[in-house]
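# Chain and residue survey
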Amino acid sequence: MDHLPLQAPGSALLLVSHHLCPYVQRAAIALAEKGVPFERINIDLADKPGWFLEISPLGKVPLLCVSNSDGSHEVLFESSVICEYLEETQDGARLHPADPLTRARHRGWMEFGSSILSDLWVYETTQDRAQLEAKRQVLASKFATIETELKSGPYFAGDSLSLVDAVFAPIFRYFDVFDTIGDSGIFARLPRVQAWRKVLSETPSVKAAVGPDYADRLMAFLKRHDAVLLQQPSVSAA
């Protein structure tokens, strides 16, 4: 019978992951920013192990398995819960503002990022050109909203990476691959968003949140879904 892989001695945290999942990337970025040692195991979501189904109430990743001193384990699910737990329990860089009002606003923008991921799922999997264009316009509108929120940067709220950045970095990573297919025009005339996207792409914790074969895996995913995005012509920025 398969079973939950045990953490190596000295490692209290195990991140149960999938190669492409943007929600997993949030947790991986937070762990890296805090300098917390952890192990990571990728599973096949098309063939979920029995041990995973036993401990994942929603059947989704990420999961964070926390080892207790007595050898028992606790399992956290949902990326936002995992990131909040790490912020509250781990040393290292602070990823949430200290001010309660500002922190609440950051949580709101994290939810906004999650809404973009919902749009992206349709955008990348649809086989209908009209639906692709409709979602392209929705995405362009949402990024235009973010443009008005961004200030001098380089990160969402200034000099330090926050959990909002951890949410948006995986979103921008999608477009790093999509841009090799054609220019969607989504980021046209959004200089602050473009600058933010570039800084995040160069941030070590963001780069390390996926494997070197990420782009190949995402392209294979698009092909399996017969995504019309693969035939999307470039959109003029004019």
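Above this text sits the structure in question.
In this text, all values refer to a predicted model and were calculated from it rather than measured experimentally.

## So, the pairing of strand S3 (residues 63-67)
By the criterion of burial, S3 is predominantly enclosed, with four of the five residues buried. Bridge analysis of strand S1 (residues 13-17) against S3 gives four bridges, and the strand direction is antiparallel. Opposite Val16, over in S3, you have Leu63 as the bridge partner. Note that S3 and strand S4 (residues 73-77) share five bridges and pair antiparallel. Within S4, the position partnered with Ser67 by the bridge is His73. Turn length for the S3-S4 hairpin, with the two strands adjacent in sequence and antiparallel, is five residues, and the turn residue Gly71 shows positive phi of about 95°.

## Details of the layout of surface pockets
The space that makes up the largest pocket amounts to roughly 980 Å³. Cys21, Pro22, Tyr23, Leu45 and Trp121 are the residues nearest the centre of the largest pocket, which is lined by 36 residues in total. Of all the secondary-structure elements, those providing two or more residues to the lining of the largest pocket are helix H1 (22-34), helix H3 (79-89), helix H4 (100-125) and helix H9 (214-224). At seven residues, H4 tops the list of elements feeding residues into the lining of the largest pocket. The class makeup of the residues in the lining of the largest pocket is 19 nonpolar, eight polar and nine charged.

## Observations regarding unusual backbone geometry
The amide bond that connects Val61 to the next residue, Pro62, takes the cis arrangement and shows omega of 5°. Looking at the secondary structure, you find Pro62 in the loop between helix H2 (50-55) and S3. Across the junction of Gly153 and Pro154, the peptide omega takes the value 5°, indicating a cis bond. Within the element layout of this structure, Pro154 appears in the loop between helix H5 (129-149) and helix H6 (163-178). A positive phi angle, close to 80°, is found at Glu78, a residue other than glycine. Position of Glu78 relative to the elements: it lies in the loop between S4 and H3. Assessed through its relative accessible area of 35%, Glu78 is described here as partly exposed.

## Regarding the packing of H1 against H6
Where H1 contacts H6, the axes come no closer than 9 Å and their chain directions differ by 135°. Overall, the two elements H1 and H6 adopt an arrangement that is oblique. Pair H1 / H6 crosses with right-handed handedness. Residue-level inspection shows Pro22, Gln25, Arg26, Ile29 and Ala30 of H1 in contact with H6, the latter providing Leu163, Ala166, Val167, Ala169, Pro170, Arg173 and Tyr174. For the contact of H1 with H6, the per-class residue count stands at nine nonpolar, one polar and two charged.

So, how was this worked out
Once a new chain begins, its residue numbering starts again from 1 and follows that chain's sequence as written. Restriction of local features to residues with pLDDT of at least 70 applies here, the model being predicted, together with a cutoff of 80 or more for giving and counting side-chain atom pairs; totals for whole chains, interfaces and linings are based on all residues. Hydrogens and water molecules were not included; the side-chain quantities draw on all heavy atoms of the structure. Remark: exposure states derive from per-residue accessible area (1.4 Å probe, protein chains only) relative to the maximum for the residue type, with buried under 20%, exposed over 50%, and partly exposed in between. Strands here mean DSSP runs of E at least two residues long; helices mean DSSP runs of H or I at least four residues long; both are numbered from the N terminus. We treat two strands as partners when DSSP finds at least two bridges between them. Cavity: a set of points on a 1 Å grid over the protein atoms alone where a 1.4 Å probe fits but cannot get out. Pocket: an open set with protein on both sides within 12 Å along at least five of seven lines, its lining residues, like those of a cavity, having an atom within 4 Å of a point. Grid points are joined across faces, edges and corners, and a volume is the space filled by probe spheres set on the points. When residues are sorted by character, Ala, Val, Leu, Ile, Met, Phe, Trp, Tyr, Cys and Pro go into the nonpolar class, Asp, Glu, Lys and Arg into the charged class, and all the rest, Gly among them, into the polar class. Axes here refer to lines fitted to C-alpha atoms; in helices the fit is confined to the stretch in contact. Angles between the N-to-C directions go from 0 to 180 degrees. Oblique is the label for every angle not falling under 35 degrees (roughly parallel), over 145 degrees (roughly antiparallel), or within 65 to 115 degrees (roughly perpendicular). Crossings are sorted by hand: turned counterclockwise from the far helix by less than a right angle, the near helix makes the crossing left-handed, and turned clockwise it makes it right-handed. We call two residues in contact when some of their heavy atoms are within 4.5 Å.

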